[in-house]
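Now for the letters of each chain:
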Amino acid sequence: MDFSADSRYIQVSTGAYKRQVHEVPLGKQITDPVVIEKITWATWTSILGDEVIGIWPRNADKADVNCACVTHAGLNIVTGDDFGLVKLFDFPCTEKFVSACF
């Protein structure tokens, strides 16, 4: 779960591999992509979303990437996967099938 920088929203990743954004404290789900795109996140631990599409290797199973975390500076994202690999990417990572930074 991640909070927006202004604490007005949270984002969660569901067990069905869906990213959901909700208003705080009402809990109302936000589905408008224009609104979601304008939100600045204080943290990012989601493996889902347009901002992290490039962390997924070609032909990856939904469960292959297990965790992610953006650095405090917001410039990189690190991931952990089923193969025991820790990978570093530029953030946002919006281009599909990019290579990790190292």
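Everything numeric in this text was worked out from a predicted model, so none of it was measured.

1. Quick notes on the overall build of the protein chain
Along the backbone of the protein chain there are one helix and seven strands. Secondary structure elements of the protein chain, listed N to C terminal, follow the sequence β-β-β-β-α-β-β-β. By the compact-globule yardstick of 13 Å for 102 residues, the protein chain fits well, its C-alpha radius of gyration being 14 Å. Oriented by its inertia axes, the alpha-carbon framework of the protein chain measures out at about 40 × 30 × 20 Å. The burial tally for the protein chain puts 30% of its 102 residues in the buried class.

2. What about the packing of aromatic side chains?
According to the stated counting rule, one finds one aromatic pair in the structure shown. Ring geometry for W44 versus F91: centroids 5.6 Å apart, planes at 55°, classification tilted. Remark: F91 occurs in the segment after β7 (86–90) and W44 occurs in the loop between α1 (33–37) and β5 (65–70); sequence separation between them is 47 residues. Note on W44: relative accessible area 3%, which makes it buried. In this structure, R58 is placed above the aromatic ring of F97, and the distance from its NZ or CZ to the ring centre is 4.1 Å.

3. Quick word on the sheet that holds β7
Spatially, the three strands line up as an open sheet ordered β5-β6-β7, and their pairing is antiparallel. Looking at strand neighbours, the two that pair on one side only are β5 and β7, the edges of this open sheet. Within the sheet, the average angular offset between the axes of one strand and its neighbour, ignoring direction, is 25°.

4. Topic: the UniProt feature "domain: EML-like second beta-propeller" (unreviewed entry) in the protein chain
Taking the numbering used here, the UniProt-annotated feature "domain: EML-like second beta-propeller" (unreviewed entry) corresponds to residues 1–96. Note that residues 1–96 is 5% helix and 32% strand, and that its end C-alpha atoms are spaced 24 Å apart.

5. Observations concerning the pairing of β5
Bridge analysis of β5 against strand β6 (residues 76–81) gives five bridges, and the strand direction is antiparallel. Counterpart to V65 in the pairing with β6 is D81. Taking the residues between adjacent antiparallel strands as the criterion, β5 and β6 are bridged by five residues, where G74 takes a positive phi near 75°.

6. Describing the domain arrangement of the protein chain
Split by domain assignment, the protein chain resolves into domain 1 (1–41) and domain 2 (44–97). The centre of domain 1, based on its C-alpha atoms, is set 18 Å off from the matching centre of domain 2. In this complex, domain 1 contributes eight residues to the contact, which on the side of domain 2 involves 10 residues. Overall, the association of domain 1 and domain 2 removes approximately 780 Å² of surface from exposure, summing both partners, and the carbon and sulfur fraction of that is 56%. On the surface where domain 1 and domain 2 come into contact, there are one salt bridge. Among the salt bridges present, the one from R19 reaches E51, with a minimum N-O distance of 3.2 Å. Inspection of the region where domain 1 meets domain 2 yields four residue pairs in polar contact (both at pLDDT 80 or more). Classifying every residue of the side of domain 1 that touches domain 2 gives three nonpolar, two polar and three charged.

Rules used in this analysis
Residues numbered from 1 in each chain as written. Predicted model: local features only at pLDDT ≥ 70, side-chain atom pairs only at ≥ 80, totals over all residues. Heavy atoms only, no water. Helix = DSSP H or I, 4+ residues; strand = E, 2+ residues; numbered from the N terminus. Rg over C-alpha atoms; globule rule 2.2 N^0.38 Å. Buried < 20%, exposed > 50% of the residue type's maximum accessible area, 1.4 Å probe, protein only. Phe/Tyr/Trp six-rings, centres within 6.5 Å; stacked < 30°, edge-to-face > 60°. Lys NZ or Arg CZ within 6 Å of the ring centre and 35° of its normal. Pairing = 2+ DSSP bridges. Axes fitted to C-alpha atoms, helices over the stretch in contact; angles between N-to-C directions. UniProt positions renumbered as here; feature names shortened; annotations may be inferred. Domains from an automatic or database assignment. Contact = heavy atoms within 4.5 Å. Buried area = accessible area lost by both parts, 1.4 Å probe. Salt bridge = Lys/Arg side-chain N within 4 Å of Asp/Glu carboxyl O. Polar contact = N/O pair within 3.5 Å; in protein donor to acceptor, adjacent residues only side chain to side chain. Nonpolar A, V, L, I, M, F, W, Y, C, P; charged D, E, K, R; others polar.

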